[in-house]
Amino acid sequence: MYICSLKPNVLNMAKSTSFFYCKNCGNQSATWLGKCPACGSWNSYEEEVVHREDKQKGKSSPQFNKPIPKKINEISLEQTVRISTTYSEFDHVLGGGIVPGSLILLGGEPGIGKSTLLLQTALSLQDFPVLYISGEESDSQLKMRAERISSSINKECYILTETNTQEIFKHIEQLQPKLVIVDSIQTMQSGLIDSASGSISQIKECAAEFQHLCKTGGFPVVLIGHITKDGTIAGPKILEHIVDTVLQFEGDQHYGYRIVRCIKNRFGSTSELGIFEMHSNGLREITNPSEILIASRDENFSGNTIAAIMEGNRPMMIETQALVSSAVYGTPQRSATGFDLRRMNMLLAVLEKRCGFKLGAKDVFLNMAGGFHIEDPAINLSIMASILSSAVDIAVDSKTCFAGEMGLSGEVRPVSRIEQRISEAEKLGFNRIFFSKYNMKGLDPKKIKIKLCPVGKIEEMMRQLFE
Ligand code: TYD
Ligand code: MG
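### Section: the overall build of the chain
Secondary structure assignment for the chain yields 12 helices and 21 strands. Of the contacts formed within the chain by residues at least 6 apart in sequence, a portion of 68% connects residues at least 24 apart.

### Thoughts on a positive patch on the surface
A cluster of basic side chains, namely Lys 353, Arg 354, Lys 437 and Lys 457, defines a positive patch on the protein surface. Classification of Lys 353 by relative accessible area gives exposed; the value is 67%.

### Points about helix H11 (residues 418–427)
For H11, the full list of buried residues reads Ile 418, Arg 421, Ile 422, Glu 424 and Ala 425. For H11, the angular spread of the buried residues around the axis is 160°, confining them to a single face. Gly 429 occupies a position one or two residues after H11 and carries a positive phi of about 85°.

### Observations regarding the nonpolar core
Residues Ile 318, Ile 379, Ile 458 and Met 461 are the most contacted members of the largest nonpolar core, which totals 45 residues. Two domains share this core, each providing at least three of its residues, namely domain 2 (83–287) and domain 3 (292–465). For Ile 379, the contacting residues outside a window of four places in its chain are Ala 307, Ile 309, Ile 318, Thr 320, Phe 339, Arg 343, Met 368, Ile 374 and Gly 404. Counting 32 residues, the second-largest nonpolar core is a separate cluster that includes Val 93, Ile 224, Cys 262 and Leu 283.

### Brief notes about the site of ligand 1
Ligand 1 sits among 16 residues. The nearest are Gly 111, Ser 115, Thr 116, His 279 and Gly 282. Between ligand 1 and Ser 115 there is a distance of 2.6 Å, counted from an oxygen atom to a side-chain nitrogen or oxygen. One of the backbone nitrogen or oxygen atoms of His 279 is found 2.7 Å away from a nitrogen atom of ligand 1. Summarising the interface, the protein chains cover 76% of the accessible area of ligand 1, which totals 550 Å² for the free molecule.

### Observations regarding the pairing of strand S4 (residues 103–108)
In terms of burial, S4 is largely enclosed, as 6 of its 6 residues are buried. Of the two faces of S4, the one lined by Leu 103, Leu 105 and Gly 107 and the one lined by Ile 104, Leu 106 and Gly 108 are each fully buried. Where S4 and strand S9 (residues 245–251) come together, 5 bridges link them in parallel fashion. Across the sheet, Leu 106 pairs through a bridge with Leu 247, a residue of S9.

### Examining the packing of helix H3 (residues 114–124) against helix H4 (residues 139–149)
Interhelical geometry of H3 versus H4 gives an angle of 75° and a closest axis separation of 10 Å. Considering their axes alone, H3 and H4 lie roughly perpendicular with respect to each other. Contacts from Ser 115, Thr 116, Leu 119, Gln 120 and Leu 123 in H3 reach Leu 142, Arg 145, Ala 146 and Ile 149 in H4. Tallied by class, residues from the contact of H3 with H4 come to 5 nonpolar, 3 polar and 1 charged.

### A word on the pattern of salt bridges
Considering all chains together, one arrives at 12 salt bridges under this definition. Between Glu 405 and Arg 413 there is a salt bridge; the shortest N-O distance is 3.5 Å. Relative accessible area serves as the criterion here: at 36%, Arg 413 is assigned to the partly exposed category. Salt bridges sharing partners connect three or more residues here, namely Lys 215, Asp 244 and Arg 266.

### Some points on the sheet that holds strand S20 (residues 432–436)
Taken in spatial order, the 7 strands of this open sheet run S15-S16-S14-S13-S17-S20-S21, and their pairing is mixed. Only two strands of the sheet have a single neighbouring strand rather than two, namely strand S15 (334–337) and strand S21 (451–455). Looking at each pair of strands side by side, their axes are set apart by 25° on average, direction ignored. In terms of strand pairing, strand S14 (residues 314–326) meets strand S16 (residues 362–368) through 7 bridges, oriented antiparallel. Its bridge partner lying in S16, Ser 325 is registered against Asp 363. Contacts between helix H10 (residues 380–392) and the sheet are confined to strand S13 (304–311), S14, S16, strand S17 (400–403) and S20, with S14 contributing the most and set at about 30° to the helix.

### As for the confidence of the model for the chain
With 89% of its residues at a pLDDT of 70 or more, the chain has an overall mean of 85. Taken together, the stretch residues 1–14 has pLDDT below 50 and engages in 0 contacts with residues farther than four places along the chain or on a different chain.

Rules and cut-offs
- Going along each chain's sequence as written, the residues are numbered from 1 onward.
- As a convention, the first chain written is A and the first ligand written is 1, with the rest following in written order.
- Side-chain atom pairs in this predicted model are given and counted only at pLDDT of 80 or more, local residue features only at pLDDT of at least 70, and totals for whole chains, interfaces and linings cover all residues.
- Remark: hydrogens and water are excluded; side-chain values derive from all non-hydrogen atoms of the structure.
- Strands are runs of DSSP state E lasting at least 2 residues, helices are runs of H or I lasting at least 4, and numbering of each runs from the N terminus.
- Any two residues whose heavy atoms approach within 4.5 Å are treated as being in contact.
- To count toward a patch, a residue needs a relative accessible area over 30% and no salt bridge; like charges are then connected within 9 Å, while nonpolar side chains (Val, Leu, Ile, Met, Phe, Trp, Tyr) are connected within 5 Å.
- All accessible areas in this document rest on Shrake-Rupley with a 1.4 Å probe, and a residue is counted as covered only by the protein chains that are shown.
- Salt bridges are defined by distance alone: a side-chain nitrogen of Lys or Arg within 4 Å of a carboxyl oxygen of Asp or Glu.
- All tallies of charge rest on Lys and Arg as positive and Asp and Glu as negative; His and the ends of each chain are not included.
- For the purpose of locating charges, the reference atoms are NZ of Lys, CZ of Arg, CG of Asp and CD of Glu.
- Exposed residues in this analysis have more than 50% of their type's maximum accessible area, buried residues have under 20%, and partly exposed residues fall in between, with area computed by a 1.4 Å probe over protein chains only.
- Throughout, the arc means the angular range of directions from the helix axis out to the C-beta atoms.
- We define a nonpolar core as any set of buried Ala, Val, Leu, Ile, Met, Phe, Trp, Tyr and Cys residues linked to one another through side-chain atoms lying within 4.5 Å.
- Domain extents, as shown, originate in an automatic or database domain assignment.
- We call a residue near a molecule or strand as soon as one heavy atom of that residue lies within 4 Å of the molecule or strand.
- Polar contacts, as counted here, are pairs of nitrogen or oxygen atoms within 3.5 Å of one another; within protein the pair requires one atom able to donate a hydrogen and one able to accept it, and residues that are adjacent in sequence qualify only if both atoms are side-chain atoms.
- One requirement defines pairing of two strands: DSSP has to find at least two bridges between them.
- Working convention: axes come from line fits to C-alpha atoms, limited for helices to the stretch in contact. Angles between N-to-C directions cover 0 to 180 degrees.
- By the definition adopted for this analysis, an angle is roughly parallel if under 35 degrees, roughly antiparallel if over 145, roughly perpendicular if from 65 to 115, and oblique otherwise.
- Each residue is assigned to one of three groups, with Ala, Val, Leu, Ile, Met, Phe, Trp, Tyr, Cys and Pro labelled nonpolar, Asp, Glu, Lys and Arg labelled charged, and all others, Gly among them, labelled polar.
- As a per-residue measure, pLDDT reflects the predictor's confidence and takes values from 0 up to 100.

Below, the structure is given as structure tokens:
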């Protein structure tokens, strides 16, 4: 009797739950924690009260076709014809275009050009139904942007300035678009849970709803996600495992160049990247980056050399510049733009030890063209040559390029895909390339027109360059 009278009270209790989330990585905990056990950050837990309307989590999206078990050999390949974005650079990063039914996350810092890239894509697809959902800009602002960036307007491009996901799904069911763009996931709000938009529980819920939508509807959804430099705003990071493809839009605010890098791709390689340039009328793709990264000049200056690097699967020539001057103050300055400062210090130590340069009392500045940040270790040899050239104040011929990694004992180490680097150098009219002698294996010198300069040690390269 007593037990029965208690039961209804328990069932009628409010369904609000309080969770603590790590702002850094999105880890969930029932209690507040000083240090996140998942990412190790301190004081990053914040409480969020989640009030669930009903138990329909992730099921609020329209049911287009209910999935049923199918034999793998009965699944037609028609469904996997990729949608071309009309930009070869963008298609390239996506592994050949957008896969229908996939969920793509485009992350990047505010103001880098995410909305511009996706609106441009939506407008350049011809007579292709696209729904662009914006929670950030009004329709007239979007129209203004559209006028600025595109001469050809896709007549089937629809704009929706709505943030409630349940409302959005109603429109999608009615409109039946073939591509949905969500700008941005942080502004979306699901009516099923009661917490502020942009909070971790909202971002997770909205992403789960959009995932369900694109898997059942068979059309792709692109989510825009903001990320800040210090990574304090959680969001894109916690979504990485939900989505099929993660693209990162990066670039230096002071330069026009923008790189779309693939971080995760269930339908293609992650080593691809696309290069764009921001103009007053939108983004323009750069199909041959080498040509812009090599400054065209009539005179040779000391300290400037050219490296043959690989960015993803693509060979690229990039100019490295160094300036070595006597330090005015007691502590010499060391500065590197586009290159890791610790790695530069290591290269300077190798130069001191192996080539006898006294760089301890010199200021050294290093700069990569175009504001790019280079990770490929093959750039080391070119940086060494730049520093040497500036230190002795003798210019290196502008038709010479370099590709090699430096070892701590001054040995020039082999690099991957040397044939591709050499053929890119040939194509761009270089007539000499310095690289590791260990890369000679498998190379057929008869097929190569450019002069090959294989070197084993940094001292050998120095002698060949400046004697
Ligand atoms: P935007 O796409 O709004 O960035 P995000 O969506 O990533 O926050 O791009 C904003 C920047 O791009 C802004 O600083 C202005 C610049 N921009 C141009 O230089 N040219 C253009 O044609 C457009 C549309 C923007
Ligand atoms: Mg934007």
